[in-house]
Amino acid sequence: MSCIFCRIARREVESTVVYEDDRVIAFDDVAPQAKVHVLVCPKEHVTSLAHLRDDQEPLAASLLLAVRRVAERKQIANSGYRLISNVGEHGGQEVLHLHLHVVGGQPVGRMLAARGGLG
Ligand code: 5GP
Ligand code: ZN
C-alpha cells in the first residue's frame, strides 16, 4: 500500500502530528497555504468524502470533532478558519485519501480551494 497518508498514519513517513485518536490523525500540510494549514485524515484508507460509507458515521463524527480539537491546539478557534475537502477530479483532489484542510491563522479571504482560487 503506497498511499502517502496511510503511510503517514502508520508513522512510516514523517509528519508533524497535531492531533491523534483511535480513528483520526491530523498533521501539518507539507506545503502550507496559510500560517495554519493542517490536514485531518481517517487512519483507515477512505479515498474521499464520496467514498465514506453509511456505516462509517462514527468516523465521520470523529473527523469533525478532530477539526475542533486541531483548531483549539493551533489557537485559531476564536479567530476562525476555513474547512475544505477537495473531492475527486473536479474538486482538484490530488491525494486520494480523504482529508479535511483546516486553514487559518490569518485571514483567508474568499479563497475557495486549499491551493487558492479556483485554478
Ligand atoms: P488535495 O489537493 O488532495 O486536497 O491536497 C493534498 C495536500 O496534501 C496538499 O495541500 C499537499 O501540500 C499535502 N501533501 C502532499 N503530500 C504530503 C506529504 O507527504 N506530507 C504532508 N504533510 N502533506 C502532504
Ligand atoms: Zn490511504
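Going along each chain's sequence as written, the residues are numbered from 1 onward. Whichever chain is written first becomes A and whichever ligand is written first becomes 1, with later ones labelled in order. Local features in a predicted model are, by the rule used here, given only for residues with pLDDT of at least 70; side-chain atom pairs are given and counted only at 80 or more, and totals for whole chains, interfaces and linings are based on all residues. Hydrogen atoms and water are omitted, and side-chain values are computed over all heavy atoms in the structure.

### Regarding the coordination of the zinc ion (ligand 2)
Here is step 1 of the chain: Because no water is among the atoms considered, metal sites can look incomplete, with donors defined as N, O and S atoms within 2.8 Å of the metal, or 3.2 Å for Na, K and Ca. All of the protein donors around the zinc ion (ligand 2) are Cys3 (SG), Cys6 (SG), His45 (ND1) and His97 (ND1); their distances to the metal are 2.1 to 2.3 Å.
Here is step 2 of the chain: A site with four donors is called tetrahedral when every donor-metal-donor angle falls between 85 and 135 degrees; four donors are called square planar, and six octahedral, when opposite donors sit more than 155 degrees apart and all other angles fall between 65 and 115; any other arrangement is irregular. For the zinc ion (ligand 2), the 4 donor atoms in the first shell make angles of 103 to 120 degrees at the metal, a pattern classed as tetrahedral.
Here is step 3 of the chain: Donor residues for the zinc ion (ligand 2) sit on one chain with the sequence pattern C-x2-C-x38-H-x51-H. Note that Cys3 is positioned in the segment before helix H1 (4-9) and His97 in the loop between helix H3 (88-91) and strand S5 (100-104), a separation of 94 residues in sequence. The same class applies to Cys3 as to His97, namely buried. Put simply, DSSP H or I for four residues or longer makes a helix, DSSP E for two residues or longer makes a strand, and each gets a number counted from the N terminus. Relative accessibility decides the category of a residue: with a 1.4 Å probe and only protein chains considered, values under 20% of the type maximum give buried, values over 50% give exposed, and everything between is partly exposed.

### Quick notes on unusual backbone geometry
Here is step 1 of the chain: The backbone of Arg11 sits at a positive phi, close to 65 degrees, despite the residue not being glycine.
Here is step 2 of the chain: The residue Gln75 is not glycine, and still its phi comes out positive at about 60 degrees.
Here is step 3 of the chain: Within the secondary structure, Gln75 is located in the loop between helix H2 (57-73) and strand S4 (81-84).

### Describing the environment of Leu96
Here is step 1 of the chain: Here Leu96 lies in the loop between H3 and S5.
Here is step 2 of the chain: With 54 residues separating them in the primary sequence, Leu96 and Pro42 have C-alpha atoms 12 Å apart.
Here is step 3 of the chain: Should any heavy atoms of two residues lie within 4.5 Å, those residues are counted as being in contact. Look past the residues within four positions of Leu96 in its chain and what remains in contact with it is His45, Val46 and Thr47.

### Let's talk about the sheet that holds strand S3 (residues 36-42)
Here is step 1 of the chain: In short, DSSP must find at least two bridges between two strands for them to pair. Reading across from one edge, S1-S2-S3-S5-S4 is the order of the 5 strands in this open sheet, with antiparallel pairing throughout. Each edge of the open sheet carries a strand with a single partner, namely strand S1 (17-20) and S4. Taken over all neighbouring pairs, the strand axes of this sheet differ in orientation by 20 degrees on average, direction set aside.
Here is step 2 of the chain: The pairing of S1 with strand S2 (residues 24-28) spans 3 bridges and is antiparallel. Residue Glu20 lies in a different strand from S2, and its bridge partner there is Ile25.
Here is step 3 of the chain: Here an angle of 0 to 180 degrees is reported between the N-to-C directions of two axes, which are lines fitted to C-alpha atoms, with helices fitted over the stretch in contact. Running at roughly 155 degrees to S3, H2 makes contact with S1, S2, S3, S4 and S5 of the sheet.

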